[in-house]
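# Coordinate analysis (summary)
So you can see what is in the structure, the chains are spelled out below.
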4 protein chains.
Amino acid sequence: MSRLMHEDSEGLSPWQAKINEIIFGADTFLGKLFDIVLIVAILLSVAAVLLESVDDIYDVYGRELLLIEWGFTLLFTVEYILRLVSVKQPLKYAKSFFGIVDLLSIIPTYLSLFLTGANSLLVIRILRILRLFRILKLVNYLGEAEFLIAAMRQSRRKILVFLYTVMTVVIIFGSIMYLVEGPENGFNSIPESIYWAIVTLTTVGYGDISPHTPVGKMIASAVMISGYAIIAVPTGIYAAELSQVMNKARDARACEGCGRTGHEETSLYCRFCGTKLD
Amino acid sequence: MSRLMHEDSEGLSPWQAKINEIIFGADTFLGKLFDIVLIVAILLSVAAVLLESVDDIYDVYGRELLLIEWGFTLLFTVEYILRLVSVKQPLKYAKSFFGIVDLLSIIPTYLSLFLTGANSLLVIRILRILRLFRILKLVNYLGEAEFLIAAMRQSRRKILVFLYTVMTVVIIFGSIMYLVEGPENGFNSIPESIYWAIVTLTTVGYGDISPHTPVGKMIASAVMISGYAIIAVPTGIYAAELSQVMNKARDARACEGCGRTGHEETSLYCRFCGTKLD
Amino acid sequence: MSRLMHEDSEGLSPWQAKINEIIFGADTFLGKLFDIVLIVAILLSVAAVLLESVDDIYDVYGRELLLIEWGFTLLFTVEYILRLVSVKQPLKYAKSFFGIVDLLSIIPTYLSLFLTGANSLLVIRILRILRLFRILKLVNYLGEAEFLIAAMRQSRRKILVFLYTVMTVVIIFGSIMYLVEGPENGFNSIPESIYWAIVTLTTVGYGDISPHTPVGKMIASAVMISGYAIIAVPTGIYAAELSQVMNKARDARACEGCGRTGHEETSLYCRFCGTKLD
Amino acid sequence: MSRLMHEDSEGLSPWQAKINEIIFGADTFLGKLFDIVLIVAILLSVAAVLLESVDDIYDVYGRELLLIEWGFTLLFTVEYILRLVSVKQPLKYAKSFFGIVDLLSIIPTYLSLFLTGANSLLVIRILRILRLFRILKLVNYLGEAEFLIAAMRQSRRKILVFLYTVMTVVIIFGSIMYLVEGPENGFNSIPESIYWAIVTLTTVGYGDISPHTPVGKMIASAVMISGYAIIAVPTGIYAAELSQVMNKARDARACEGCGRTGHEETSLYCRFCGTKLD
């Protein structure tokens, strides 16, 4: 998408086109330099937000970290404005995924003037790193990501059916445990018991709430072994779908001699009739 | 099933047929409206049950929530009676899955007059949402669910063999840990040690019971690594079965000779009668 | 194996053959009855051992449970002796898997006269239930179990390589954490730190030992995400092997017409050339 | 690699060649004996390091364990020097994987003279056991390991994309939880909240930090169920890749035309040059 913006620079004035080339492009030296500087700035600013939240560090370096945060925010604000003025359709950019992320990456600092703690939301800047994949020409990585996303899209419905099942199971088991264990054993309410059921079914098991009565322990055991069997379901779904997606990628080429598919990417000749493949 | 009931309305009086159409059907405007209102009512009534169990909320809104609960229960009671009188075979409906769920969805409120806390069981109403799949014509979702269920049915025996193995492992390891750790370290009895073994093998790990002696920790480590290896088994089973089920369904071709389906994509001849496939 | 013993009853005296038929066989009415009674007795005796270990129950029913335990042990002793005298090669039986399990199922009670708590080991009786599979003619279940075992045997070496890797990872990470966190944070010794690493890598996470220093938490995070990625390995191995075993089962029949394999179990005709299969 | 060193002993003096044969080789009786003694020495020395870190054992046997540690270190130092002098290119050996491991296996003891606790790092000696695979001619095991590594190499990119996703998820959820729960509930800083998110997403769940507010518990539930769904991804990737690697290796046929292998079982013609396969 950003590539389209870059190429589509005909209607821009010369200085707009130059800025566009540097900010959106990655083909010129300045374009590459800008992108690398940007990524370093993003990582440093996120690190600053993380460190600022640590009391011991804030007590000593609070002033410096605040300065850094404001510095990066002003920098990113200038960058955001430059992006807006250097594209032909500013609104289209502003509404795009990266446009929204870019905006959300500067708002929290200004918000923090009125709302304490809002600057923690600056970590959303980490999403801007996604540009990295474009810059470093990590096309192969994008290809792999597409595989993963295709398999996810195909298994979307199965996953939803699975999630409904999980929700039903935790609501019913949570309610039963609330009746069996009760507030005296930490199961204070049904929502909290449902929270316990989720913690147990997903095998996280904090131990902040755990059954104390023999009957409760028996039901909990049933939930755990169910969780153990249920965990097989999404994995099985995903593995099977991914296998199919990967196999389909092999079926793209059909042999001109015999019409059969199923050739590997590296194959030069049909493995059934020996005809040369394209 | 409910569709059958809907269509099979010939022997009913006009007003029975009308009610049947609205309550069981989803083809007319009133039928659709009724279904949507029903789903909203179910979700609201379940939410009320959940909120009622939270002490802080109950102290303030207890009276209102009780009113809501009784309101919905009376509504669902009327609906249940209407369902009974508007079908040709009331007993058949009453014995069906949804008939039982519909009944169980109203009983707990009446029970709560004699038995405190029984109304928590009202959460079973969540199962009524299953009707949603029919109403919203979510046939595709049902298809996906059938895939999952078919794979589960095929792996049923393997899962049972697996569960017997798990039970044997936890009983034997639980007993050994009871001997090694003993009541002074929280392993109060063999059943409780078995509970610990289940918590550990399923990788839930609450931490309410955990080994304290060096030997106990060594045995626990063995259980954990076993659990780690064992978790691979049901996932592997399910992934393999689901792959097969999905492959089988890939080709929906019916044989012209015998009409049977289930041929693989690469098949040229019917595997049942030998007729050439298209 | 036990079937062989049953059939091989030629050299036995009439009463020996009769006992053999009842105890080892499952074809006659008495043989079936004996087997069913035996299974009930095993389950009851294991239940008695479990209950005996619960203090509250022992205080009230201790005397009765002790009587039951001795009763079953004497019964199983008599049965063991009868098995020994009714087979042609008593030593062969005594050395077989079930022979050893049968013996281990009675010893703990006698041991408990000298060694308190030894009777907890009676739970090994649960292994005798394996006979159930033979008696109830659960051949299908045995078939499924064979699939699982075949896949396990094939992935044996991969699993061993995997286990060596896991052991190396936990020893090295355990030692590092011992240096980083130290006894003041619960990492009392390297073996205990290795125990922590196993608890973490297997995602059990009791929480009895957990990192307190920032560096320790960073290393722990690395271990957890590794564990997350590593858990994929045995599952992947097993799923892949099981798929192959299941596919191979389909390759057993070769078509007489074209020699190709890969037919499904239910196929009657070759799916490539249409020739009738055996 | 070490085999190459062994064979490449032409330019060495007779005594150098003899030492090389014993230390690097495993074909002669002395070579085998040396290797077995070495493995026993490694295991014993690692065990000594582990035991030394246990206070109770150190108090009683500290002196003996220190002696053993120094004994083994001197032994391994002599061995390291012998390895250096008996190869033609000492620097090449010193820079090789085993050369570095051999050096790291002796340094910590000398370091411990100046730096308390450094000797815990001696556990790195466990990596020397990797030689075991060569000595015991465990070629099959190496073959299996190669399978696992090949599948890992192929899924490398997918795993990296997956890890980036996980990192982004934990940073964003960690920051949100820091805002929602705050230091009063144990979420002291964003880095600590990210640590919590990792502990939760990987289903480890120590319970040292866990949400206390209703909103926090709802977000935590979302993280857990995500983790549950996300865990399917690397497993699915690995299972699918391993399946492909195993399928590819099924057929070891080399093409007569171009000598290349890697043909599928069903292939009739070489997929590289089109020559007919046997």
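First things first, this report covers the structure right here in the doc. What you see is a predicted model, and the numbers here were worked out from it, not measured in a lab.

## A closer look at the nonpolar core
- In this structure, A:Trp196, B:Trp196 and D:Trp196 are the most contacted members of the largest nonpolar core, which totals 202 residues.
- Apart from the residues within four sequence positions on either side, A:Trp196 is in contact with A:Met177, A:Phe187, A:Ile209, A:Ser210, A:Pro211, A:Ala220, A:Val223 and B:Tyr206.

## Description of the relation of the copies chain C and chain D
- When chain C is brought onto chain D, the operation consists of a screw motion whose angular component is 89 degrees and whose axial shift is 0.4 Å, with 1.3 Å RMSD remaining. The transformation relating the two chain copies, once decomposed into turn and shift, fits a four-fold axis.
- By residue overlap, the copies meet through two different surfaces: only 17% of the interface positions of chain C are interface positions in chain D.

## Observations concerning helix H3 (residues 29-52) of chain D
- Its 24 residues place the ends of H3(D) 34 Å apart at the C-alpha level, agreeing with the 34 Å of an ideal helix rising 1.5 Å per residue.
- Of all the residues in H3(D), the buried ones are D:Gly31, D:Asp35, D:Leu38, D:Ile39, D:Ala41, D:Ile42, D:Ser45, D:Val46, D:Ala48, D:Val49, D:Leu50 and D:Glu52.

## A look at the packing of aromatic side chains
All names here are of chain A.
- As enumerated under the stated definition, the model contains 24 aromatic pairs over all chains in all.
- Pairing Tyr80 with Tyr93 gives two aromatic rings, centres 6.0 Å apart and planes at 45 degrees, and the pair type is tilted. One end of the pair, Tyr80, is in helix H4 (residues 55-85); the other, Tyr93, is in helix H5 (residues 90-95), and 13 residues separate them in sequence. Here Tyr80 matches Tyr93 in class, with each residue buried.
- An aromatic cluster is defined as three or more aromatic residues linked by ring pairs; in this entry it consists of Phe24, Tyr80 and Tyr93.
- Positioned above the aromatic ring of Phe24 is the side chain of Arg83, whose terminal nitrogen or guanidinium carbon lies 5.0 Å from the ring centre.

## Some remarks on the interface of chain C and chain D
- Counting from both sides, the interface comprises 42 residues of chain C and, opposite them, 47 residues of chain D.
- Overall, the association of chain C and chain D removes approximately 4,000 Å² of surface from exposure, summing both partners, and the carbon and sulfur fraction of that is 73%.
- When residues of chain C are sorted by the area they lose upon contact with chain D, C:Arg157, C:Tyr164 and C:Tyr228 head the list and together hold 19% of the total.
- Across the contact surface, chain C and chain D share one salt bridge.
- Close ionic contact of C:Lys217 with D:Glu192 constitutes a salt bridge, the shortest N to O distance being 3.1 Å.
- Along the contact surface separating chain C from chain D lie four residue pairs in polar contact (both at pLDDT 80 or more).
- Contributions of two or more residues to the side of chain C that touches chain D are made by helix H10 (156-180), helix H11 (190-201), helix H12 (214-230) and helix H13 (232-250) of chain C.
- With 11 residues, the single largest contributor to the side of chain C that touches chain D is H10(C).
- A breakdown of the residues in the side of chain C that touches chain D according to their chemical character gives 25 nonpolar, 13 polar and four charged.

## A look at the pattern of salt bridges
- For the coordinates displayed, the defined rule picks out 16 salt bridges over all chains.
- Between C:Glu21 and C:Lys18 there is a salt bridge whose closest N-O contact spans 3.9 Å. Taken together, the residues span about one helical turn, with C:Glu21 and C:Lys18 both in helix H2 (residues 14-24) at a distance of three residues.
- On the basis of relative accessible area, C:Glu21 is assigned to the partly exposed category, the value being 28%.
- Each of the salt bridges in this network shares a partner with another, and the network as a whole consists of A:Glu79, A:Arg83 and A:Asp102.

## A look at the environment of C:Asn185
Residues and elements named next belong to chain C.
- Looking at the secondary structure, you find Asn185 in the loop between H10 and H11.
- Exposure remark for Asn185: the relative accessible area of 17% places this residue in the buried category.
- Taking the C-alpha atoms as reference points, Asn185 and Leu30, 155 residues apart in sequence, are found 64 Å from one another.
- For Asn185, the contacting residues outside a window of four places in its chain are Ser210, His212 and Thr213.

## Examining the side chain of A:Ser193
Residues and elements named next belong to chain A.
- With respect to the helices and strands, the residue Ser193 is situated in helix H11 (residues 190-201).
- Of the residues examined, Ser193 reaches a relative accessible area of 0% and is grouped as buried.
- With residues near it in sequence (within four places) discarded, Ser193 still touches Gly174, Tyr178 and Phe187.

## As for unusual backbone geometry
Residue and element names in this part refer to chain B.
- For Thr203, which is not glycine, the phi dihedral falls at a positive 60 degrees.
- Locating Thr203 in the fold gives a position in the loop between helix H11 (190-201) and helix H12 (214-230).
- Look at Thr203 and you get buried, because its relative accessible area is 3%.

## Digging into a nonpolar patch on the surface
Residues and elements named next belong to chain A.
- A cluster of nonpolar residues, Ile100, Leu103, Leu104, Ile107, Leu111, Leu113, Phe114 and Leu115, forms a patch on the protein surface that exposes about 750 Å² of accessible area.
- Elements with a contribution of two residues or more to the nonpolar patch: helix H6 (97-104) and helix H7 (107-111).
- Checked against the element boundaries, Phe114 lands in the loop between H7 and helix H8 (131-135).
- Classification of Phe114 by relative accessible area gives exposed; the value is 71%.

## Considering the side chain of C:Ser105
Residues and elements named next belong to chain C.
- Among the structural elements, Ser105 can be located in the loop between helix H6 (97-104) and helix H7 (107-111).
- Residue class for Ser105 comes out buried when judged on its relative accessible area of 0%.
- A distance of 2.8 Å separates a polar side-chain atom of Ser105 from the backbone oxygen of Val101.
- Residues within four places of Ser105 in sequence aside, it is in contact with Leu122, Ile124, Arg125 and Arg128.

## Some details on the packing of H10(C) against H11(C)
Residues and elements named next belong to chain C.
- With their axes 7 Å apart at the nearest point, H10 and H11 run at an angle of 120 degrees to one another. Considered as vectors, H10 and H11 are oriented oblique to each other. As H10 packs across H11, the resulting crossing turns out to be right-handed. Of the residues in H11, those touching H10 at Val166, Val170, Ile171, Gly174, Ser175, Met177 and Tyr178 are Ile190, Ser193, Ile194, Trp196, Ala197, Ile198 and Leu201.
- A per-class count over the contact of H10 with H11 returns 11 nonpolar, three polar and no charged.

Each value, and the rule that gives it
Residues numbered from 1 in each chain as written. Chains lettered and ligands numbered in written order. Predicted model: local features only at pLDDT ≥ 70, side-chain atom pairs only at ≥ 80, totals over all residues. Heavy atoms only, no water. Core = buried A, V, L, I, M, F, W, Y, C linked by side-chain atoms within 4.5 Å. Buried < 20%, exposed > 50% of the residue type's maximum accessible area, 1.4 Å probe, protein only. Contact = heavy atoms within 4.5 Å. Least-squares fit on C-alpha atoms with pLDDT ≥ 70 in both. Helix = DSSP H or I, 4+ residues; strand = E, 2+ residues; numbered from the N terminus. Expected span 1.5 Å × (residues − 1). Phe/Tyr/Trp six-rings, centres within 6.5 Å; stacked < 30°, edge-to-face > 60°. Lys NZ or Arg CZ within 6 Å of the ring centre and 35° of its normal. Buried area = accessible area lost by both parts, 1.4 Å probe. Salt bridge = Lys/Arg side-chain N within 4 Å of Asp/Glu carboxyl O. Polar contact = N/O pair within 3.5 Å; in protein donor to acceptor, adjacent residues only side chain to side chain. Nonpolar A, V, L, I, M, F, W, Y, C, P; charged D, E, K, R; others polar. Patch = residues over 30% accessible without salt bridge, like charges linked within 9 Å, V, L, I, M, F, W, Y side chains within 5 Å. Areas by Shrake-Rupley, 256 points an atom, 1.4 Å probe, with all protein chains shown as cover. Axes fitted to C-alpha atoms, helices over the stretch in contact; angles between N-to-C directions. Parallel < 35°, antiparallel > 145°, perpendicular 65-115°, else oblique. Left-handed = near helix turned anticlockwise from the far one by under 90°.

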